Structures are given as C-alpha cells and as structure tokens.
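Next come the chains, spelled out residue by residue.
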Amino acid sequence: MQDLDWNDLRYILCLSRTGRIAGAARKLGVNETTVARRIARVERLLGIRIFERDARVLRPTDSGQIVIRRAERIELDVDAIKDGVTSADSIAVGKVRVTAVPLVLNYILIPALPDLLRSHSRLQLELAADHRNLSVTNREADIALRMARPDNDYRAVAHRVGIVDYAVYGVSMARCPLPWITYEASWSHLPHARWMAKAVASDPEARISVVVVNDSELALNAVRTGLGRSLLPCRIGDGVPEVCRLSGPKPVLSREMWLIVHPDLKHLARVRAVIAWIERLFSERPVARQTELTDARRRI
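Note that the structure is predicted; figures quoted are calculated from it, not measured. (Residues numbered from 1 in each chain as written. Predicted model: local features only at pLDDT ≥ 70, side-chain atom pairs only at ≥ 80, totals over all residues. Heavy atoms only, no water.)

Novice: What should I look at first to understand the overall build of the protein in this one?
Specialist: Within the protein, the secondary structure is distributed over 10 helices and 11 strands. In the protein, which comprises 300 residues, the share counted as buried stands at 48%. Sequence-distant contacts, at least 24 apart, represent 76% of the contacts inside the protein between residues at least 6 apart. (Helix = DSSP H or I, 4+ residues; strand = E, 2+ residues; numbered from the N terminus. Buried < 20%, exposed > 50% of the residue type's maximum accessible area, 1.4 Å probe, protein only. Contact = heavy atoms within 4.5 Å.)

Right, dumping it as structure tokens:
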C-alpha cells in the first residue's frame, strides 16, 4: 500500500470543516476537481468511505471520524514543528485565525491591528466574522472571542479577558424620545436584547422602530443614522462621533468577554502573541467622552 501523504490529509481536514467541496477548494486555493481527487486517493488507500452526503453537505462517516481525529493530531504536530523551528527565538511567525462577531472585529480588533503587526511583522491574522460559535477544537478557528462562557466545548481552554459595558445610544440632536431599535426573535435570549425588552415593557410611551435587526453592527448603523436608540457596547458607542449616551455615565449592563483557544495551540509563539494582544485590548476600559456625559442628561 502506498504511504499516506500529509498534504492529502489536509484536504480531508478542510472538507470536514467546510462540509462542501467548493468551500474546501476556496479555502485551499485549488479547484474542486483537485479536492475530489485528493479525497478519493485517501479513500482508495484506506479502503473506506470517509465522507457521505447528507442533504447538500458532506459529513464524515464513522471511519471518517477516526481518520479526521488522527489527522488533527498530525496537524497539531506539524504546527508545533514549524513553530519550534521558526520561533526558537520567540518570534511569532505564521497564521492565526481569530473569530468573533462582526462588531468586535470591526470596532475593537481591526483598529488595534497595526500595533500588533508592527510588533510581529511575520504574523498573519485571519479574521472570521461569524455569529456562530466556531469550534476551536475542530480547528474552525485558533482563537474565539465570545460574550459568554463556553458550555459545550469541553476540550477548549477558556478564560475571561475583560468586561464589556453597555449603555443606550442615540443621535445627539434628537428632541424627543427615540423609538427602540430591537432584535429579531432569534436573539431574544441574549442579555442586551432581554434588557431592551424589559425597558420597552416598563415604559408605556416607548415606541418600537420599524427597523428590527439580527446583528449589533446593524443596530449601531441604524442608531447613527437617527432611526432610533439601542443598547451598544460603551467602548464602541463612545467612539462614534454621530451618537452619544442617552442613559447617563454609568453602564446599564455589563457582559463578560471570554477567549477560547485549543489546548494544543496555546503554547505556540504566534498564538501566545495574539492572546497577549487581545488581553491588553480588553483590559482597557475607555472613558466616555465628556460631551456625551453632558448630553446624557436628556430623558431616554
């Protein structure tokens, strides 16, 4: 029997994470025929089916799950070898994939990214904006940022990196109470959506905006265009010149920010560098602009 090729196993892992040949081809930078050929090669060498079609998605068979788990182990070992060779002097080299909701990536991580890359010029950051909880144990991401402690990724290492304060924001020129920009029903379990639901229920004069969103960045953009008011993270809302706090200087809600990482990746120099950078970012709690605190005296 021919020997298995690590490059073939890379295709297996990528397809297991995307579920589609087209998605794996895009991620690997090859055509779909190449992906299909590499998968077929491994199946032929092992004499098993690794994937089976479930609706429009390819899912691993029981035998495929065994292959994938072993391939993930090899992937981690290869990463460790690369890191040991290139980072013996503690220089962070290589790619780190970070996932978070779009608002966090766009308004917290990306503005601070130049400082990280100046300090680690051989580092490459891959940012994945996604509301889904991408799995670090399945290598969908190397590092995940979430506003809740993970309760189902038991193999992952998680720790709290900071507190995210929330306040009510609206445009500064509003002369009457603004309608609430709320979230669709699928978001009703989230703390900031629950807070707004209670605020609306407790105010008989409260108006609901005709705009309902399923993303915090959409809520921010709706607020900044004057469509209404909404609950937003203070460190983001305070930095947007078009809006101000309407709920006063004190936060009305606080949420924890958690960082999750694969236990076998946390020791890699490139991953350590990104973790340290994120920890510094969230250890800072910016002070609101003084003009906003003055404007906040108006009635919500």
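Novice: Please explain the packing of helix H1 (residues 6–18) against helix H3 (residues 32–46) as it appears in this structure.
Specialist: A pair of packed helices is captured by two measures, namely the crossing angle of their axes and the spacing between those axes. Interhelical geometry of H1 versus H3 gives an angle of 110° and a closest axis separation of 9 Å. Taken together, H1 and H3 sit at an angle that is classed as roughly perpendicular. Contact residues: Asn-7, Asp-8, Tyr-11, Ile-12 and Leu-15 in H1; Thr-34, Val-35, Arg-38, Ile-39, Arg-41 and Val-42 in H3. Its residues assigned to classes, the contact of H1 with H3 comprises six nonpolar, two polar and three charged. (Axes fitted to C-alpha atoms, helices over the stretch in contact; angles between N-to-C directions. Parallel < 35°, antiparallel > 145°, perpendicular 65-115°, else oblique. Nonpolar A, V, L, I, M, F, W, Y, C, P; charged D, E, K, R; others polar.)

Novice: What exactly am I supposed to notice about the environment of Leu-253 here?
Specialist: Structurally, Leu-253 is set in strand E11 (residues 253–261). Between the alpha carbons of Leu-253 and Trp-195 there is a distance of 7.9 Å; along the sequence they are 58 residues apart. Beyond its immediate stretch of four places on either side in the chain, Leu-253 contacts Val-164, Asp-165, Tyr-166, Pro-191, His-192 and Leu-231.

Novice: Even after reading the chapter, I still don't get the packing of aromatic side chains, so can you show me in this structure?
Specialist: Here the distance between the centres and the angle between the planes together describe a pair of aromatic rings. In the structure shown here, the tally under the stated rule is two aromatic pairs. Aromatic pair Trp-180 and Trp-195: ring centres 6.1 Å apart, planes at 65°, arrangement edge-to-face. On the criterion of sequence distance, the pair formed by Trp-180 in strand E7 (residues 180–183) and Trp-195 in helix H6 (residues 191–202) is long-range, its members being 15 residues apart. Note on Trp-195: relative accessible area 24%, which makes it partly exposed. Centre to centre, the rings of Tyr-183 and Trp-187 are 5.1 Å apart; their planes meet at 5°, and the pair counts as stacked. (Phe/Tyr/Trp six-rings, centres within 6.5 Å; stacked < 30°, edge-to-face > 60°.)

Novice: Teacher, can you tell me more about the environment of Thr-34 here?
Specialist: One can find Thr-34 in helix H3. Exposure remark for Thr-34: the relative accessible area of 13% places this residue in the buried category. Along the sequence, Thr-34 and Tyr-11 sit 23 residues apart, while their C-alpha atoms lie 9.3 Å from each other.

Novice: Looking at this structure, I do not really get the nonpolar core. What am I missing?
Specialist: One broad trend across soluble globular proteins is that nonpolar side chains are buried collectively. Ranked by internal contacts, the top residues of the largest apolar core, which has 63 residues, are Val-104, Leu-109, Ile-143, Leu-145, Val-274, Trp-277 and Phe-282. With 17 residues, the next largest nonpolar core counts Tyr-11, Val-35, Phe-51 and Leu-58 among its residues. (Core = buried A, V, L, I, M, F, W, Y, C linked by side-chain atoms within 4.5 Å.)

Novice: I'm lost on the packing of helix H2 (residues 21–28) against H3 in this one. Help?
Specialist: Two elements in contact, H2 and H3, have axes separated by 8 Å at closest approach and are oriented at 105°. The orientation of H2 relative to H3 falls into the category roughly perpendicular. The segment H2 lies against H3, with Ile-21, Ala-22, Ala-24 and Ala-25 engaging Glu-32, Val-35 and Ala-36. A breakdown of the residues in the contact of H2 with H3 according to their chemical character gives six nonpolar, no polar and one charged.

Novice: What should I look at first to understand H3 in this one?
Specialist: Each full turn of the α-helix corresponds to 3.6 residues, which orients residues three or four apart in the same direction. With 15 residues, H3 extends 22 Å between its outermost C-alpha atoms, agreeing within 8% with the 21 Å of an ideal straight helix rising 1.5 Å per residue. Within the sequence span of H3, burial applies to Thr-34, Val-35, Ile-39, Arg-41, Val-42, Glu-43 and Leu-45. On its buried face, H3 sits against H1, H2 and strand E1 (51–54). One side-chain oxygen at the N-terminal end of H3 lies 3.2 Å from the backbone nitrogen of Thr-33; it belongs to Asn-31. In the stretch just after H3, Gly-47 is the one whose phi turns positive, near 70°. (Expected span 1.5 Å × (residues − 1). Polar contact = N/O pair within 3.5 Å; in protein donor to acceptor, adjacent residues only side chain to side chain.)

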